[in-house]
Amino acid sequence: MSITHIILDFDGTLTNVFEELKDYDNDYTVTLAELLDADVEILWEIYQETKMEVINDPSKGWSYNGQIVCHANADPYMPVNTVFPEVLQILRDGEYDSLGDRLSAFYKELNFDAKVFEGKTNEDILEKAYQKSKKKTGIIYREGLETFLQKLTAKYSVAIVTSSGESDVKDIVEKLGYKGIIEVVGDAYKHDNNPDFTEVEAEHRIEGLPRPVLLRREKYFDKLKELETEKGFRPENTAVIGDIYELDLALPEHLGYTAIQLRTEGTPEYEAQYHAAAKNTHLFDNYSQILDFFEL
C-alpha cells in the first residue's frame, strides 16, 4: 500500500454526532415554533410525519442553493435541513389541501403567526432556529479515538479537513494533544456545490440512488489542493476518511484519493453496496477495522 498521508473529516468521523445531537430535532422544533408563534406539538407532528417520508425516499435530501447535496438521514442535522424548508414554504404559500387529509389537518391546526414572514426569507428564519438549537451538548468523541489517532499519527502524516470553523477545530486538536502534529484545514463547505466550477465532472451515479451525486464542491476542492500543494497530500498517497459519502468522500474519490467511509446509523444500504463493488473505496464499521486495513 502506497498510502503515506491521511485526511480525516471531523464532525461525525472523530465525534459521535448522533449522540451529541440526539435531541437536536426536538430542540429545533421547539425553537422554530417559538419563532413562528405556533403550536409546538402540532409542528412536531408535521415534522415527524414528513421526516418518515423523506428519509425513506433517496430522491429527497438536503437542498442547498437549490441542489440536493446530501441524503436526508446522513446525520441528525439532515432530516431537519430537509423537512423544515419545505414546511416553511407550505406555510408561506398556505397550500395545504394537496398534502393528504392527516397532514393537511395538522397544517390547518398549527395557528402560526403569518407576520413572521414579513421582511424575512425562509432562510433567515431557518438560520435563526439553527443558531439557537445547534450543539447544545458538549463534544462526544467516538469510542477508541485516542488509540485511533495515536496509531495513525505514528505512521502517517495526518490532516483534518472540515466544514467547521478552522479556529474551533484547531483548539480541539490542541486540547487532544496534537498541535503541530495534525494539520487542520477548516471552512471547507463540503455542502456547497458550484455547477459553474468546471475543474471536475458535474456528477456521478450510484445504483439505488435515483438522483446524481454532485461533485463540484469547489471550496472543498480548493482545500484539498491546498493540502496537496503545501503539504504533499496527493491523491496517489492519501486516504480520506469520512462518515458521509456525498459530503466527505465523493469528490476525493473522483480525484483519485482512497476513500474510506466510517459507517453510522445513517449510512444507507445503497452506499454499502456501492463500496462493496467499487475499486478504491471502502466501508468500515469502526476504528478497529480501519486500523486493521492499514495494518496498524
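Structure: above.
Residues numbered from 1 in each chain as written. Predicted model: local features only at pLDDT ≥ 70, side-chain atom pairs only at ≥ 80, totals over all residues. Heavy atoms only, no water.

(A) The arrangement of the packing of helix α10 (residues 245-255) against helix α11 (residues 269-277) in detail. Relative to each other, α10 and α11 sit at 25°, their axes nearing to 13 Å. What the angle tells us is that α10 and α11 run roughly parallel. Pair α10 / α11 crosses with left-handed handedness. Contacts from Tyr245, Glu246 and Glu253 of α10 reach α11 at Tyr270, Glu271, Tyr274 and His275. A breakdown of the residues in the contact of α10 with α11 according to their chemical character gives 3 nonpolar, 1 polar and 3 charged. (Axes fitted to C-alpha atoms, helices over the stretch in contact; angles between N-to-C directions. Helix = DSSP H or I, 4+ residues; strand = E, 2+ residues; numbered from the N terminus. Parallel < 35°, antiparallel > 145°, perpendicular 65-115°, else oblique. Left-handed = near helix turned anticlockwise from the far one by under 90°. Contact = heavy atoms within 4.5 Å. Nonpolar A, V, L, I, M, F, W, Y, C, P; charged D, E, K, R; others polar.)

(B) How the structure looks around helix α7 (residues 145-155). Restricting attention to buried positions, one finds in α7 the residues Leu145, Phe148, Leu149, Leu152 and Thr153. Along the long axis of α7, the arc covered by the buried residues comes to 110°, so they all point the same way. Seen from the buried face of α7, the exposed residues on the opposite side, beyond 90 degrees, are Glu146, Ala154 and Lys155. Looking at the packing, one finds that the buried side of α7 touches β1 (5-8), β4 (157-161), β5 (182-185), β8 (238-242) and α12 (287-293). (Buried < 20%, exposed > 50% of the residue type's maximum accessible area, 1.4 Å probe, protein only. Arc of directions from axis to C-beta.)

(C) Structural detail: the sheet that holds strand β9 (residues 258-262). With parallel pairing, the 6 strands of this open sheet are ordered in space as β5-β4-β1-β8-β9-β10. The open sheet has two edge strands, β5 and β10 (281-284), and neither has a second partner. Between one strand axis and the next, the sheet turns by 20° as a mean value, whatever way the strands run. Sheet topology note: the β8/β9 ladder contains 4 bridges and is parallel. Directly across from glycine 242, in β9, lies its bridge partner glutamine 261. Of the strands in this sheet, β4 and β5 touch helix α8 (residues 166-175), which is tilted by about 160° from β5. (Pairing = 2+ DSSP bridges.)

(D) Spatial organisation of empty space enclosed by the protein. If you walk through the whole model with that rule in mind, you get 1 cavity of 30 Å³ or more. Lining the largest cavity are His71, Ala74, Asp243, Ile244, Gln261, Thr264, Gly266, Thr267, Pro268 and Glu271. (1 Å grid on protein atoms, 1.4 Å probe; cavity = no way out; pocket = protein on both sides within 12 Å on 5 of 7 lines; lining within 4 Å. Points joined across faces, edges and corners; volume = space filled by probe spheres on them.)

(E) Representation of the packing of aromatic side chains. Inspection of the entire model under this criterion finds 15 aromatic pairs. Taking the centre distance of 5.8 Å and the plane angle of 55° together, the rings of tyrosine 24 and tyrosine 28 count as tilted. You can see tyrosine 24 and its partner tyrosine 28 sitting in helix α2 (residues 24-36), 4 residues apart, about one turn around the helix. Here tyrosine 24 falls in the buried class, since its relative accessible area comes to 2%. In this structure tyrosine 28 comes out as buried when scored by relative accessible area, which is 3%. A ring pair is formed by tyrosine 28 and phenylalanine 84, whose centres lie 5.3 Å apart and whose planes are at 25°; its orientation type is stacked. Remark: phenylalanine 84 occurs in helix α4 (residues 77-93) and tyrosine 28 occurs in helix α2; sequence separation between them is 56 residues. Through a chain of ring-to-ring contacts, three or more aromatic side chains come together here, namely Tyr24, Tyr28, Trp44, Tyr47, Tyr77, Phe84 and Tyr130. (Phe/Tyr/Trp six-rings, centres within 6.5 Å; stacked < 30°, edge-to-face > 60°.)

(F) Quick peek at the layout of surface pockets. Estimates place the volume of the largest pocket at around 1,400 Å³. For the lining of the largest pocket, the elements supplying multiple residues, two or more each, are α2, β2 (61-64), α4, α6 (122-133), α8 and α10. At 7 residues, α4 tops the list of elements feeding residues into the lining of the largest pocket. Taken together, the residues of the lining of the largest pocket sort by class into 20 nonpolar, 11 polar and 13 charged. Estimates place the volume of the second largest pocket at around 170 Å³. Lining the second largest pocket are Phe18, Leu21, Lys22, Tyr24, Asp25, Tyr47, Lys51, Asn73, Asp75, Pro76, Pro79 and Glu265. Contributions of two or more residues to the lining of the second largest pocket are made by α2 and α3 (40-55). Among the residues forming the lining of the second largest pocket, the class breakdown is 6 nonpolar, 1 polar and 5 charged.

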